[in-house]
Amino acid sequence: MVMLTRRVGGDRPLIGPVGAPYLHVMSYNVRRIITMSRHGSPDFWPVRRDLVERMLHAERPTILGTQEAMASQARAIAGMMGPDFRIVGHGRAADGKGEGCPIYFDATRLTLIDWSQRTLSPTPHAAGSRGWGNLVPRVVVTAEFDDMMTGKRFVVFNTHFDHTSKRSRVASAEYVASLVSECKHPVILMGDFNTVPGKPPYRILVNAGLRDSLLVADKRLGGAGPTFSDYKLPSPRGRRIDWLMVSDRIDVKVGAINTARFEGRAASDHEPVQAVIDVL
């Protein structure tokens, strides 16, 4: 049974923990540390850190994929998730530093079979490489899991497409679609795609057999509105650039965009995207 709690205050879960056979999956651009920000700025990480922790403590996803996480943020979030969680993925630079797209998972529920990190470039196995018009490295992290409670195996991808280059976003979608096509098991794809549904990257991923969890969910919380709010209240004119997509053999029970605020403050400039799924 999927238990849902409609959010009233920031510390009340929108979804919260779920039990087998269901998995609670969350994609969350946590906004990188802006070193020049000061107290009073919505970017100020020492304040936002507590808000991110409150969000994660309320929701307790089984699998969390974050984007823009700097090394210190990734370590902090690992601590927030608790001792039962493990993390795969590192920074996008050649030396493993910088922004990353780590995947966190509940090791009491899931067994990690294998994982990898590739760059979104013509040389995907060269760490820190660039191409296709993006000025900074971009990565995709892949993790294959066995669910100890159900015996099901599945694959998770977490990524962050380029924010300036349309050509890079299209080429990145084509590359990720090729990785998806190689998978023998059901797939979850999450990330910040820096473009909206209906644009070429979205169509490429849909043509690869992926479905938008918000659109196919049995139940939707928070609507299908914007995910980039820039710390403001979500606006109908905002952009839904963060997606959580699934292949066939995954039933989406709940799809959600989490617009929680804590005493009026947002934990990030993006809203988390969440889903309760059943791997068939």
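Placed above this text is the structure.
Residues numbered from 1 in each chain as written. Predicted model: local features only at pLDDT ≥ 70, side-chain atom pairs only at ≥ 80, totals over all residues. Heavy atoms only, no water.

A. Here's a closer look at the pairing of strand E7 (residues 153–160). For E7, the tally of buried residues reaches seven of eight residues, placing the bulk of the element in the interior. Examined bridge by bridge, strand E6 (residues 139–147) and E7 share seven bridges and lie antiparallel to one another. When the sheet's bridge partners are listed, Val 140 is paired in E7 with Thr 159. As paired strands, E7 and strand E8 (residues 187–192) are joined by six bridges and run parallel to one another. Each bridged residue has a counterpart across the sheet, and for Thr 159 the counterpart in E8 is Gly 191. Taking the sense of rotation as the criterion, the β-α-β connection linking E7, helix H3 (residues 166–181) and E8 turns out right-handed. (Buried < 20%, exposed > 50% of the residue type's maximum accessible area, 1.4 Å probe, protein only. Helix = DSSP H or I, 4+ residues; strand = E, 2+ residues; numbered from the N terminus. Pairing = 2+ DSSP bridges. Right-handed = clockwise from strand over helix to strand, strands pointing away.)

B. Structural detail: the sheet that holds E7. Spatially, E5-E6-E7-E8-E11-E9 is the arrangement adopted by the six strands of the open sheet, whose pairing is mixed. The open sheet has two edge strands, strand E5 (110–119) and strand E9 (211–212), and neither has a second partner. Set on the sheet, helix H4 (residues 200–207) makes contact with E8, E9 and strand E11 (242–246); between it and E11 the angle comes to about 15°. (Contact = heavy atoms within 4.5 Å. Axes fitted to C-alpha atoms, helices over the stretch in contact; angles between N-to-C directions.)

C. Broad picture of the environment of Arg 240. Note on placement: Arg 240 falls in the loop between strand E10 (219–221) and E11. As a C-alpha pair, Arg 240 and Thr 195 span 45 residues in sequence and 7.5 Å in three-dimensional space. With near-sequence residues (within four places) excluded, Arg 240 lies in contact with Thr 195, Val 196, Pro 197, Asp 212, Leu 214, Leu 215, Ala 224, Gly 225, Pro 226, Thr 227 and Ile 257. Reaching out from Arg 240, the side chain makes a polar contact with the side chain of Asp 212 at a distance of 2.8 Å. (Polar contact = N/O pair within 3.5 Å; in protein donor to acceptor, adjacent residues only side chain to side chain.)

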